[in-house]
Amino acid sequence: MLKKFLLICFALLTVSVYAEDILYCRSGKITAAQLTTAKINIAKLPPELLQQFPQNCTYAVVSLQLNDMCKISIFDYVLEISDIKFPCYALMRNGKFEYFTEEISGKGNMQMLFPLNSLLLSSQSKIDITLKSNLADPKNIYEIQIPFSAIGSKTPTPAASIPSTGILELPEK
C-alpha cells in the first residue's frame, strides 16, 4: 500500500514539474534570456578585461532565481556557441552590472552578463545558446540549451521587473 502511494506521489510530482514551461540550471530557475546590442556599463571592470570583449559585441543577459541556500559568481557559467566559450563578466548588484569576483546570494532574480561575438549569432529573433556550468563533476556535464530573445538595442528587462514565473519564451512542445 505504501509503495502504491509513493509511486502515485512520484508520478504526480513528475507531471507537475514538467507541466510548467520552465528551464532549470544547476543554480536555480532561468526566468529570462535576452540578447541586446545596447551599451551596457560594467562597474569595476578592469580595463584589460574590456579589451578581451569581441569587437562586434552583443550582450547576453541570463536571469535566474537562485535555489535556496545557493550562491553564484561570475566563474560558475559560460555560454557556448559553435564550440566557443564566452565567460560571464558581471553580475547585477545594487541595480547595476558589476565585475565582482565574490559569490552572491539572494531572493528574487539574479542576472549574469556575457559579452558575445555578434558575428556568431543568427539574425533570428530566437536563438538557442548553451549554458554550461564550470562547477561540473568531470563525469557529469551540466549544460542546457536556452532560447534567447533578441531585443535589438533595447536595454534588458530589469531583474526586479521579471515575474517569478519568468518571461522566458520556450518553444512549444
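Here, every reference points to the structure presented above.
Attention in this report is confined to the structure presented alongside it. (Residues numbered from 1 in each chain as written. Predicted model: local features only at pLDDT ≥ 70, side-chain atom pairs only at ≥ 80, totals over all residues. Heavy atoms only, no water.)

Focus on the layout of surface pockets
Of the pockets and cavities examined, the largest pocket occupies roughly 180 Å³. Here the residues of the lining of the largest pocket sort into five nonpolar, five polar and two charged. (1 Å grid on protein atoms, 1.4 Å probe; cavity = no way out; pocket = protein on both sides within 12 Å on 5 of 7 lines; lining within 4 Å. Points joined across faces, edges and corners; volume = space filled by probe spheres on them. Nonpolar A, V, L, I, M, F, W, Y, C, P; charged D, E, K, R; others polar.)

Side note on the environment of Glu-169
Here Glu-169 lies in the segment after strand S10 (143-150). A residue is classified by how much of its surface remains accessible, and Glu-169, at 42% relative accessible area, is partly exposed. It is 9.3 Å that separates the C-alpha atoms of Glu-169 and Ile-22, two residues lying 147 residues apart in sequence. Residue contacts for Glu-169: discarding those within four places in its chain leaves Lys-126, Pro-147 and Ser-149. A polar atom in the side chain of Glu-169 sits 2.8 Å from the side chain of Lys-126. (Helix = DSSP H or I, 4+ residues; strand = E, 2+ residues; numbered from the N terminus. Buried < 20%, exposed > 50% of the residue type's maximum accessible area, 1.4 Å probe, protein only. Contact = heavy atoms within 4.5 Å. Polar contact = N/O pair within 3.5 Å; in protein donor to acceptor, adjacent residues only side chain to side chain.)

Looking at the packing of aromatic side chains
How two aromatic rings sit relative to each other is set out by the distance from centre to centre and by the angle between their planes. A full pass over the atoms with the stated rule returns two aromatic pairs. Pairing Phe-53 with Tyr-59 gives two aromatic rings, centres 6.4 Å apart and planes at 75°, and the pair type is edge-to-face. For the pair Phe-53 and Tyr-59, a shared accessibility class is recorded, and that class is buried. Here the aromatic residues Phe-53, Tyr-59 and Tyr-89 are joined through ring pairs into a cluster of three or more. When the ring centre of Tyr-142 is taken as origin, the NZ or CZ atom of Arg-26, which lies over that ring, is 4.5 Å away. In this structure, Arg-93 is placed above the aromatic ring of Phe-100, and the distance from its NZ or CZ to the ring centre is 3.6 Å. (Phe/Tyr/Trp six-rings, centres within 6.5 Å; stacked < 30°, edge-to-face > 60°. Lys NZ or Arg CZ within 6 Å of the ring centre and 35° of its normal.)

Re the pairing of strand S2 (residues 28-36)
Taken residue by residue, a regular strand's side chains alternate between the two faces of the sheet. With respect to burial, S2 is a largely interior element, nine of its nine residues being buried. The sheet contact formed by S2 and strand S3 (residues 57-66) spans eight bridges and is antiparallel. Within S3, the position partnered with Ala-33 by the bridge is Val-62. As paired strands, S2 and S10 are joined by two bridges and run parallel to one another. Considered in S10, the bridge of Leu-35 is made with Ala-150. (Pairing = 2+ DSSP bridges.)

A closer look at unusual backbone geometry
One non-glycine residue, Ser-82, adopts positive backbone phi at about 50°. Of note, Ser-82 is situated in the loop between strand S4 (77-81) and strand S5 (84-87). Residue classification places Ser-82 among the exposed residues on the basis of a relative accessible area of 57%. One non-glycine residue, Asn-94, lies in positive phi territory at about 55°.

Observations regarding the environment of Lys-39
Mapped onto the elements, Lys-39 comes out in the loop between S2 and helix H2 (47-50). Each C-alpha atom, one on Lys-39 and one on Lys-154, is 9.3 Å from the other, the two residues being 115 residues apart in sequence.

Looking at the side chain of Ser-133
Within the secondary structure, Ser-133 sits in strand S9 (residues 126-133). Side-chain polar atoms of Ser-133 contact the backbone nitrogen of Leu-135, separated by 3.0 Å. The contacts of Ser-133, once residues within four sequence positions are left out, are Arg-26, Asp-76, Tyr-77 and Tyr-142.

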